[in-house]
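If you want the building blocks of each chain, they are given just below.
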Amino acid sequence: MSLFSSTTTADKSLQWKDSITTESALVRRLLIGAASLYLTLFLLIPLTAIFAEALKHGLAAYLSSFADDDALAAIRLTLLVAAIAVPLNALFGVAAAWAIAKFDFIGKQVLISLIDIPLAVSPVISGLIYVMLFGAQGWLGPWLAEHDIKIIFALPGIVLATIFVTVPFVARELIPLMQAQGREEEEAALTLGASGWQMFTRVTLPNIKWSLLYGVILCNARAMGEFGAVSVVSGHIRGLTNTMPLHVEILYNEYNAVAAFAVASLLTLLAIVTLIAKTVIERKSASHDRRKI
Amino acid sequence: MSFTLKQPSVLPGFSLALGFTLFYFSLIVLIPLSGLFVKTSALTWDQFWNVITDPRAVASYRLTFGASLVGALINGVFGSIIAWVLVRYHFPGRSVVDALVDLPFALPTAVAGITLAAIYSPNGWIGQYLEPLGIKVAFTPLGVLVALTFIGLPFVVRTVQPVLQDLDREVEEAATTLGANRWQTFWAVVVPELWPALLTGIAMAFARAVGEYGSVIFIAGNMPMKSEITPLLIMTKLEQYDYAGATALGVVMLVVSFVLALIINLLQWWSSARHMNQ
């Protein structure tokens, strides 16, 4: 065993300072300085600015931004859309991961690649495809108009666009984890007489719960924060089809910066909670070699 | 090996799980996406070509792809430095910094957009210091670059970091023992191992930036021919009820996205093949 491969962290930090495989103190400081500067410029300053702008005219002005009917309607709509989209995508994620991770079939790799498509597509295109399908000029437009069904510029369109954009998140968290876990435990449960449902709830679910939870949190954050795709299908009807991100846009364009940043600060808190959840859950399942979001 | 669609297994639920997966995914993603391609067939080739080579469209490609590329390269440099610092050095607050790197993923793009616009406007926190130097960021193509650099930040860090973590330090020790100085060890031993991951990260940051909309439109100024990105041009065409034009540009963007996704897949495959060989 080499002199340098001791395991405790305290030793490690000591060891690296004197190790022959590290840089001179000057280079180390330069690198840390460059990293800090870049992260301050691109992460710390924006993060601080959101709250500073929201609280520019004091706490009372901040809170009064939420007393507005349109703001409340936007918050309600965002919660409703997420409440529909997230459970559906969680169900999809579990089903897809079960089929992909526990079975071998023709076309599996293709399916894995296909699931990532929504991440590669521009949000504007994600909205556009539904307009082309359900809009007045779209394939089903005339039929929908005849039957008085509104999808575009209404809730169903917003939900569809949100689902599209957030489809992969739960599946992407679960697939590598479940592949790494293999199928022995489930097979053992079946051998011992468990039914399919018992095997799933008592063996599979406990094994994947942390990744599932993180997938759901991430999916939720993206669902509530989606802007481009929702913007295309929403029609921006105040108090009716405006989600929180769209409301932020409207307020900002009306030069109502405090109110815009106040609503934005709620979305930022959601993002921070998501990052904390990621850190906590990654520690809980630290042993797994997982793909990053 | 006999040709079977599925290897036999005692586990239940395969047909149900795969059936639901394919049904849901086709309904939500595949059918609507292919609808866009079919819709373009309503245009003749000449019409399609005229729309996608219109000077305003070409100017928007130049800005979108140019700013995305520069942003991805900036992130290539600083992302590598950040990954290096996070893996190799110990300093207070390291885990907070590590978590914070993912902020551009988690922060809604509209929030990022208004924030960057506020910071870089002539009286903003950073803009006020750039203004006397004659540097205008907000409402110029430079603003587009800032926004696209912001949203691409996590990719290089998150692809390079795990490779760096798994790197065997004994190889570096060996190089040093054999008389290489730190710089030689870095270039001859460390960098060749990082290349695939670094390129993957840059490609991912580029791909993400090309399609970006929300964080850009607030800071860009959105002047046609000057600071208008392609996704915004699509949006504008939609608002003017120019559905054919929007579709044609949408197809161009979609094809670019698919090609980039393919390149990223190949890079990842290269990267993991590299890893396996060790």
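Residues numbered from 1 in each chain as written. Chains lettered and ligands numbered in written order. Predicted model: local features only at pLDDT ≥ 70, side-chain atom pairs only at ≥ 80, totals over all residues. Heavy atoms only, no water.

A. Quick peek at the overall build of chain A. Scanning chain A for helices and strands turns up 15 helices and zero strands. Taken over the C-alpha trace, chain A has a radius of gyration of 24 Å; the compact-globule value for 293 residues is 19 Å, which it surpasses by more than 25%. Counting the 293 residues in chain A, one finds 53% classified as buried. Taking all contacts inside chain A whose residues are at least 6 apart in sequence as the whole, residues at least 24 apart take part in 69%. For chain A, the accessible surface area stands at approximately 13,100 Å², while carbon and sulfur atoms represent 65% of it. (Helix = DSSP H or I, 4+ residues; strand = E, 2+ residues; numbered from the N terminus. Rg over C-alpha atoms; globule rule 2.2 N^0.38 Å. Buried < 20%, exposed > 50% of the residue type's maximum accessible area, 1.4 Å probe, protein only. Contact = heavy atoms within 4.5 Å. Areas by Shrake-Rupley, 256 points an atom, 1.4 Å probe, with all protein chains shown as cover.)

B. Summary view of the packing of aromatic side chains. On inspection of all chains with the given rule, the structure shows 27 aromatic pairs over all chains. Ring geometry for A:Tyr130 against A:Phe134: centres 6.3 Å apart, planes inclined by 5 degrees, an arrangement best described as stacked. Highlighted residues: A:Tyr130 and A:Phe134, both in helix α7 (residues 123-134), separated by four residues, approximately one helical turn. This pair shows no difference in class: A:Tyr130 is buried, exactly as A:Phe134 is. With centroids separated by 5.6 Å and ring planes inclined at 90 degrees, the aromatic side chains of A:Tyr252 and B:Phe218 adopt a geometry described as edge-to-face. Placement of the pair is A:Tyr252 in helix α14 (residues 244-253) and B:Phe218 in helix α11 (residues 214-220), with the two residues belonging to separate chains. A residue is classified by how much of its surface remains accessible, and A:Tyr252, at 18% relative accessible area, is buried. B:Phe218 gets classed as buried once you look at its relative accessible area, which sits at 6%. (Phe/Tyr/Trp six-rings, centres within 6.5 Å; stacked < 30°, edge-to-face > 60°.)

C. Broad picture of the pattern of salt bridges. Taken as a whole, this structure holds 15 salt bridges over all chains when the rule is applied. One network of salt bridges, with partners in common, ties together A:Lys278, A:Glu282, B:Asp98, B:Asp102 and B:Arg158. (Salt bridge = Lys/Arg side-chain N within 4 Å of Asp/Glu carboxyl O.)

D. Region of the structure containing the interface of chain A and chain B. Each partner contributes to the interface: chain A provides 95 residues, whereas chain B provides 95 residues. Applying the counting rule to chain A against chain B returns two salt bridges. Where A:Lys278 meets B:Asp102, a salt bridge forms, and the shortest distance between an N and an O atom there is 2.6 Å. Applying the counting rule to chain A against chain B returns 14 residue pairs in polar contact (both at pLDDT 80 or more). Ranked by residue count, the leading element in the side of chain A that touches chain B is helix α2 (residues 25-54) of chain A, at 19 residues. (Polar contact = N/O pair within 3.5 Å; in protein donor to acceptor, adjacent residues only side chain to side chain.)

E. Local environment of the packing of helix α4 (residues 69-102) of chain A against α14(A). Residues and elements named next belong to chain A. Put simply, α4 and α14 touch, their axes get as near as 8 Å, and they point 150 degrees apart. Regarding the angle of α4 to α14, the classification is roughly antiparallel. Contacts between α4 and α14 involve Asp70, Ala71, Ala74, Ile75 and Thr78 from the first element and Met244, Pro245 and His247 from the second. Looking at the contact of α4 with α14 residue by residue, the classes come out as five nonpolar, two polar and one charged. (Axes fitted to C-alpha atoms, helices over the stretch in contact; angles between N-to-C directions. Parallel < 35°, antiparallel > 145°, perpendicular 65-115°, else oblique. Nonpolar A, V, L, I, M, F, W, Y, C, P; charged D, E, K, R; others polar.)

F. Inspection of the side chain of B:Gln161 at higher detail. All names here are of chain B. For Gln161, the position within the fold is in helix α8 (residues 141-166). The exposure class assigned to Gln161 is buried, which follows from its relative accessible area of 7%. Side-chain polar atoms of Gln161 contact the side chain of Arg158, separated by 2.7 Å. Setting aside anything within four residues of it in sequence, one finds Gln161 in contact with Ala83, Leu86, Val87, Asp98 and Val156.

G. Examining helix α2 (residues 45-52) of chain B more closely. All names here are of chain B. Listed as buried for α2 are Phe48, Val51 and Ile52. Projected down its long axis, α2 carries its buried residues within an arc of 90 degrees, all on one side. Among the exposed residues of α2, those pointing more than 90 degrees away from its buried face are Asp46 and Asn50. (Arc of directions from axis to C-beta.)

H. Fine view of the nonpolar core. Membership of the largest hydrophobic core comes to 191 residues, with the highest contact counts inside it found for A:Tyr130, A:Phe164, B:Ile28 and B:Tyr120. Looking at this core, the element that brings in the most residues is α4(A), giving 17 residues. When sequence neighbours within four positions are dropped, the list of residues in contact with A:Phe164 reads A:Pro118, A:Val121, A:Ser126, A:Ile129, A:Tyr130, B:Ile28, B:Val29 and B:Leu33. (Core = buried A, V, L, I, M, F, W, Y, C linked by side-chain atoms within 4.5 Å.)

I. Structural view of the packing of α8(B) against helix α10 (residues 182-211) of chain B. All names here are of chain B. Contact geometry of α8 with α10 gives a least axis separation of 8 Å together with a crossing angle of 150 degrees. Comparing the axis directions of α8 and α10 gives the class roughly antiparallel. Remark: the crossing between α8 and α10 carries right-handed chirality. In contact with Leu148, Ile151, Gly152, Phe155, Val156, Thr159, Val160, Val163 and Leu164 of α8, α10 contributes Val190, Glu193, Leu194, Ala197, Leu198, Thr200, Gly201, Ile202, Met204, Ala205, Arg208 and Ala209. Per-class residue counts for the contact of α8 with α10 are 15 nonpolar, four polar and two charged. (Left-handed = near helix turned anticlockwise from the far one by under 90°.)

J. Quick look at a nonpolar patch on the surface. All names here are of chain B. On the surface, Trp195, Leu199, Leu262, Leu266, Trp269 and Trp270 cluster together into a nonpolar patch covering about 680 Å² of accessible area. Of all elements in the fold, only α10 and α13 (243-276) reach the threshold of two or more residues within the nonpolar patch. Mapped onto the elements of the fold, Trp269 is located in helix α13. Given the relative accessible area of 61%, Trp269 is considered exposed. (Patch = residues over 30% accessible without salt bridge, like charges linked within 9 Å, V, L, I, M, F, W, Y side chains within 5 Å.)

K. The environment of B:Ser227, seen in detail. Residue and element names in this part refer to chain B. Mapped onto the fold, Ser227 is located in the loop between α11 and α12 (230-239). Each C-alpha atom of the pair Ser227 and Leu260 lies 23 Å from the other, and the pair is 33 residues apart in sequence. With sequence-adjacent residues up to four places away left out, Ser227 is seen in contact with Leu63, Thr140, Pro141, Ala220, Gly221 and Asn222. Among the polar contacts made by the side chain of Ser227, one reaches the main-chain amide nitrogen of Asn222 at a distance of 3.3 Å.

L. How the structure looks around unusual backbone geometry. Positive phi outside glycine occurs at A:Tyr255, with the angle close to 60 degrees. With respect to the element layout, A:Tyr255 can be found in the loop between α14 and α15 (257-284). In this structure, B:Phe139 takes a positive phi of about 65 degrees despite not being glycine. In this fold, B:Phe139 is placed in the loop between α7 (127-130) and α8.

M. Expanded view of the confidence of the model for chain A. Averaged over chain A, the pLDDT score is 89; the fraction of residues at 70 or greater is 90%. The low-confidence segment residues 288-293 of chain A (pLDDT under 50) makes 22 contacts with residues lying over four places distant or belonging to another chain. (pLDDT = per-residue confidence, 0-100.)

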